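Close look at the chain arrangement
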Amino acid sequence: MTVMENREFLIPLNGLASGGTRFRWKADGKFFDDFGNADILDADIVAEAVAVKNSGGVRVDCSIIGTVTVQCDRCMDDLVLPVDTEVSLKLRYNAPADGTDDEDGCETVSVSAEDHDFDMRQTVYDYVCVSLPMQRFHNDGECNPEMIERLGRGITVTGTETDENPFESLRELFPEKK
């Protein structure tokens, strides 16, 4: 099986070797910056895909493994989260682009007969983002102790407080009903 490593996350649709071609890409913090993602501070992701051409198009099975660094929701320190996800695509020429999964769990993606390459950047980005938990925080006892202590004290606001009601002037416009 041919192994191709490139930085462009491209699968050439024309000229794929029979028996499948293996691709390997790396994604770092800049990869996610390019998408405008400010939540992912850094990343060390490896995406490996096997593309097999058949009469109806190309089947792509991709494994995405590595880590991403995000901000902890509790203490705001860096938090390294594991990523381990897989995606299976069927690239079909001029197929209806409904994104449905077929019986073997593959997502169908329509490609034009004029397309020379299929760009996997968006797919890798989407599957990494979806694999992350909604709440991102360190395990108990691993958060920044100084920040946890500050949170425990609460927030104190100092300054002058007035009894003025900003809506008082509206009373004249709407007299009370008796």
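A brief report on the enclosed structure follows. The structure displayed is predicted, hence computed values, not measured ones.

Criteria and cut-off values
- Residues numbered from 1 in each chain as written.
- Predicted model: local features only at pLDDT ≥ 70, side-chain atom pairs only at ≥ 80, totals over all residues.
- Heavy atoms only, no water.
- Buried < 20%, exposed > 50% of the residue type's maximum accessible area, 1.4 Å probe, protein only.
- Helix = DSSP H or I, 4+ residues; strand = E, 2+ residues; numbered from the N terminus.
- Contact = heavy atoms within 4.5 Å.
- Lys, Arg positive; Asp, Glu negative; His and termini not counted.
- Salt bridge = Lys/Arg side-chain N within 4 Å of Asp/Glu carboxyl O.
- Polar contact = N/O pair within 3.5 Å; in protein donor to acceptor, adjacent residues only side chain to side chain.
- Core = buried A, V, L, I, M, F, W, Y, C linked by side-chain atoms within 4.5 Å.

Along helix α2 (residues 121-131), the positions that sit buried rather than exposed are Thr123, Val124, Tyr125 and Val128. Taken together, the buried residues of α2 touch α1 (29-33), β4 (42-54), β5 (57-71), β6 (78-93) and β8 (117-119).

This part is about the side chain of Arg136. Its place among the elements puts Arg136 in the loop between α2 and α3 (145-153). Buried and unpaired, Arg136 has Asp39 as its nearest opposite-charge partner, separated by 4.2 Å. A polar atom in the side chain of Arg136 sits 3.0 Å from the backbone oxygen of Pro133. The residues touching Arg136, leaving out its near neighbours within four places in the chain, are Asp39, Val70, Gln71, Cys72, Asp73, Leu79 and Leu81.

Core analysis: the biggest nonpolar cluster contains 38 residues, and Phe32, Ile45, Val60, Val68, Leu91, Met120 and Val128 have the highest contact counts within it. Elements that contribute at least two residues to this core include exactly β3 (21-28), α1, β4, β5, β6, β7 (107-111) and α2. With residues near it in sequence (within four places) discarded, Ile45 still touches Trp25, Lys26, Ala27, Phe32, Ile64, Ile65, Gly66, Thr67, Val68, Val83 and Val128.

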